[in-house]
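# Architecture and fold: a report
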Amino acid sequence: MIAAILKRLLRMVVVMFGISVITFLIFFATPASDPAARIAGRNAAQETIEAVRKDFGLDRPLYVQYGLMMEKLFITRDLTSFANRGQQIVPTVMAAAPATLSLVSGAAILWMLGGILTGITAAAFRGRWPDKILMGISMMAVAMPVFWVGEMVNLVTQNRLHDTWAFSWVPALGYTPFSQDPGLWFRSMVFPWLTLAFLYIGLYGRMLRTGIIETYQEDFIRTARAKGLTGRKVLLKHATRSAIIPIVIMFGMDFGVLVGGAAVLTEVVFGINGVGRLTYQALKVLDLPMIMATVLYASFFVVVANAVVDLLCLLIDPRMRRA
Amino acid sequence: MLPETDSHALSPAAAAGEETGARRGPWKRVFQGLIASPTAMISAGLLMLIVVATLLAPVYAKHVSGTDPFRSGLSAKIKIDGKPTPVMQQSTEGLGLGVTPIGPTWGPQYMLGADGQGRDVAARMLYGGRNSLLIAGASTLICLFFAAIIGIAAGYSGGVVDGVLSNLIDMIWAFPVYLLAISLSIVMIGKSFALGPFEISSGSLIVPILIIGLVYVPYVARPIRGRVMAINQSEFIMAARGLGIRRWKILLRHILPNVSTTLIVFAPMLMALNIVTESSLSFLSVGVQPPNASWGTILQDGQTLLYSRPWVSLAPGFAIMVTVLLLNLFGDVLRDVLDPKSARGR
């Protein structure tokens, strides 16, 4: 057990190292472009470029450059932006993190609950109209870009209908910290959560439905039926319970995809000042140090989250300890 | 993997052989399966229609809308009900400052209205669709090609090669896809560079094609590797080995045809995923670069006009949704035809 945990933690560290090297190589070792000029930002003065070159050790070997960059990002944390002169990057990312965390954690809860509910309902009504409607909606959900769904939601809730009874409770776009006003925080997050969860509710609902239906062909289900259990008990206590394990494992992986992708777009559309919107704004002004920082911090968060999910699985499922 | 779960997963060749005494070709059976499915036929037909429509973009721009969708038309005027109307209209809200592009006319000119630069959105939709589909299709091919090479190399050689490759795949897959794509885009976009003998100009579509193609390689390579390893353990490969057939011949004759079904199953799903990825990257301004159009860039153009001219955002969104939906529907049928086990659950 301890060996398995240590092994997983070691793996996490190796992956983090690998990601930092890949990111570093992309930004610093892409041929035919001068990293100093890119870091210094658009139309930088020659002196600035020279200062950057010296500061980041760009005339020294690659591994020294890598070391210096990681030191600036994670140890001294004194990397500054050139596009927004003097802006301290690491503290800015840290200040934006709570908004992103509220967004993804709320959406994750919604998506698991919604996905499980959808999957069980669809499986229970297999082939009949509730199943068909749910699967139709989930097929649509998968086909829509998340930021477009967000825009459509805004179009409904923020435009003409905003002043009617239906959506007058929705605050203007933006983020209010939980510590400042919990009620407003919740109301401003409802639609971002729903938007972000929409895609995954469909995806997980479909997967769980297929899983349950496949489980129905297993011997232990026949046994459960043969000993006279009600259909509901077989569905909820036996089939769902066994079909849900792969969903939980997938959750760990998708959570990372969510943080690194859909959350960025959702934050942009709903004007939530999180790490994703920070990345978006940095992209607009080509603020390289900021992009590198958000990419690395977000990826590390994803890797740690994946490791935590795996460790939880180790605790829950003894079979995985042997691997 | 259990041998029992494995037997279903033989190539269509083997499966057809079992059923019909190997008289009918494997691909013919797949083809007939597709023909027999109304879902597959309707979705394939509609997809074809979309492709043809986007290919006719120049015809539409020249003979129907009569505008150049790549030149800004800020001072252009069109005739509505016989009256000349400016494309960029004086704002009627607030202080009346600024201009709003014309809304949907539902006529031949500016059918879906104009974007912030006074360009015909309907014409740009067709040109943009062409680019979106081209990027999605080309990046799908690139992704399948590299995933097949890496997956087969890892799965077939095993040992150290497998160890290195599959760890590398896992590592890249742990990297959130969009963040990887953003990082790659930001260094590749906006400047020209040489890729081997080819000079790639800035703003070339090759850049998003390569980026989108490469980021999903681990996603496909992993199952391919698993598939190759499973086939490698199966009896007919052991028999071939026992007969003393060379390794590369086993690879070409037996492994490759069996993996090809997995690759084909991935193709429509991957293309659907790539369309969404392209639109997301372009929306974040790291995909297709202006003045080139794609459904993603039109969505980006529409972002600031969302409340005043929602059709600039609505139209490309619907186009993406319908195309992706059709690809997924077709892909589902294709998977069921190629891999009958997956159909059992339905």
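Residue positions are counted from 1 within each chain, in the order its sequence is given. Chains and ligands are labelled by the order in which they are written, letters from A for the one and numbers from 1 for the other. Local features are withheld for residues below a pLDDT of 70 in this predicted model, meaning they are given only at 70 or higher, and side-chain atom pairs are given and counted only at 80 or more; totals for whole chains, interfaces and linings count all residues. Calculation of side-chain values draws on the structure's entire complement of heavy atoms; hydrogens and water are dropped beforehand.

This next bit is on the domain arrangement of chain A. Residue and element names in this part refer to chain A. Taken domain by domain, chain A consists of domain 1 (16-76) and domain 2 (95-321). Centre-to-centre separation of domain 1 and domain 2, based on C-alpha positions: 36 Å. If you look at the interface, domain 1 gives 13 residues, while domain 2 gives 14 residues. When two parts are brought into contact, each loses some accessible area as probed by a 1.4 Å sphere; the total of that loss over both is the buried area. Between domain 1 and domain 2, the buried area comes to about 1,400 Å², and carbon and sulfur atoms account for 84% of it. By the criterion of area lost to domain 2, the three top residues of domain 1 are Met16, Phe27 and Phe74, representing 38% of everything that side buries. Every case where a carboxyl oxygen of Asp or Glu lies within 4 Å of a side-chain nitrogen of Lys or Arg is listed as a salt bridge. Inspection of the region where domain 1 meets domain 2 yields 0 salt bridges. As annotated, the domain borders come from an automatic or database domain assignment. Note on contacts: a residue pair qualifies if any of its non-hydrogen atoms lie within 4.5 Å across the two residues.

This brings us to the environment of Leu196 of chain A. Residue and element names in this part refer to chain A. Considering the arrangement of structural elements, one finds Leu196 in helix H8 (residues 182-215). Separated by 56 residues in sequence, Leu196 and Met140 place their C-alpha atoms 14 Å apart. Discounting residues that sit within four places of it in the chain, Leu196 has contacts with Leu103, Ala107, Val146, Leu258, Ala262, Ala263 and Thr266. Runs of E in the DSSP output that reach at least two residues are strands. Runs of H or I that reach at least four are helices, and both are numbered from the N terminus.

So, about the interface of chain B and chain A. With 45 residues of chain B at the interface, the matching set in chain A holds 51 residues. Summed over both partners, the interface of chain B with chain A comes to about 4,300 Å²; 74% of that surface belongs to carbon and sulfur atoms. One can count 2 salt bridges joining chain B with chain A. Between Arg11 of chain A and Asp170 of chain B there is a salt bridge whose closest N-O contact spans 3.4 Å. By the criterion applied in these results, polar contacts are pairs of N or O atoms within 3.5 Å in which, for protein atoms, one can donate a hydrogen and the other can accept it, and in which residues neighboring in sequence qualify only through two side-chain atoms. Across the chain B-chain A interface, the total number found is 4 residue pairs in polar contact (both at pLDDT 80 or more). Elements supplying a minimum of two residues to the side of chain B that touches chain A: helix H7 (159-174), helix H8 (177-188), helix H12 (247-283), helix H13 (295-303) and helix H14 (311-338) of chain B. Residue type decides the class: Asp, Glu, Lys and Arg count as charged, Ala, Val, Leu, Ile, Met, Phe, Trp, Tyr, Cys and Pro as nonpolar, and the leftover types, Gly among them, as polar. Across the side of chain B that touches chain A, the residue classes tally to 28 nonpolar, 11 polar and 6 charged.

It is worth spelling out the pattern of salt bridges at this point. Counting across every chain of the model gives 11 salt bridges over all chains. Between Arg206 of chain A and Asp332 of chain B there is a salt bridge, and its shortest N-O distance comes to 3.2 Å. Separated into two different chains, Arg206 of chain A in helix H8 and Asp332 of chain B in helix H14 make up a pair that spans both. Accessible area is worked out with a 1.4 Å probe on protein chains only. A residue is then buried under 20% of its type maximum, exposed over 50%, and partly exposed in between. Relative accessible area serves as the criterion here: at 22%, Arg206 of chain A is assigned to the partly exposed category. What makes Asp332 of chain B buried here is its relative accessible area of 16%. For the salt bridge of Arg335 of chain B with Asp336 of chain B, the shortest nitrogen-to-oxygen distance reads 3.8 Å. Members of the salt-bridge network, linked through shared partners, are Arg206 of chain A together with Asp332, Arg335 and Asp336 of chain B.

Let us look at unusual backbone geometry. Following Pro290 of chain B, the chain continues to Pro291 of chain B via a peptide bond in cis, the omega torsion being 10°. Here Pro291 of chain B is to be found in the loop between H12 and H13. Non-glycine residue Leu286 of chain A carries a positive phi angle of around 55°. The residue Ser285 of chain B is not glycine, and still its phi comes out positive at about 65°. Looking at the secondary structure, you find Ser285 of chain B in the loop between H12 and H13.

Nonpolar cores were defined as sets of buried Ala, Val, Leu, Ile, Met, Phe, Trp, Tyr and Cys residues, with membership established by side-chain atoms within 4.5 Å. Among the nonpolar cores identified, the biggest contains 177 residues, and Phe28, Phe56, Met69, Trp111 and Phe255 of chain A together with Leu284 of chain B are the most heavily contacted of them. It is helix H10 (residues 231-270) of chain A that contributes the most residues to this core, 17 residues altogether. Composition of this core by domain shows at least three residues from each of domain 1 (16-76) and domain 2 (95-321) of chain A. Non-local contacts of Phe255 of chain A, meaning those with residues more than four positions away in its chain, are made with Val104, Ala108, Trp111, Phe301 and Ala305 of chain A.

Turning next to a nonpolar patch on the surface. Residues and elements named next belong to chain A. Residues enter patches when they are more than 30% accessible in relative terms and free of salt bridges; like-charged ones are connected within 9 Å and nonpolar ones (Val, Leu, Ile, Met, Phe, Trp, Tyr) within 5 Å. For every accessible area listed, the method is Shrake-Rupley and the probe measures 1.4 Å; residues are considered covered only by the protein chains on display. A cluster of nonpolar side chains, contributed by Met1, Ile2, Leu6, Leu9, Val304, Val308, Leu312 and Leu315, occupies part of the molecular surface with about 710 Å² of accessible area. Looking at the nonpolar patch, the elements with two or more residues in it are helix H1 (2-28) and helix H12 (288-316). For the nonpolar patch, the leading source of residues is H12, giving 4 residues. In this fold, Ile2 is placed in helix H1.

What follows deals with helix H3 (residues 46-55) of chain A. Residue and element names in this part refer to chain A. Listing the buried residues of H3 in full gives Thr48, Ile49 and Val52. The buried residues of H3 occupy an angular sector of 100° when the element is viewed end-on, so they sit on one face. Seen from the open side of H3, the exposed residues pointing more than 90 degrees away from its buried face are Gln46, Glu47 and Lys54. The inward-facing, buried residues of H3 abut helix H2 (35-40). Count one or two residues on from H3 and you reach Gly57, which has phi positive near 65°. The directions from the helix axis to the C-beta atoms are what the arc is built from.

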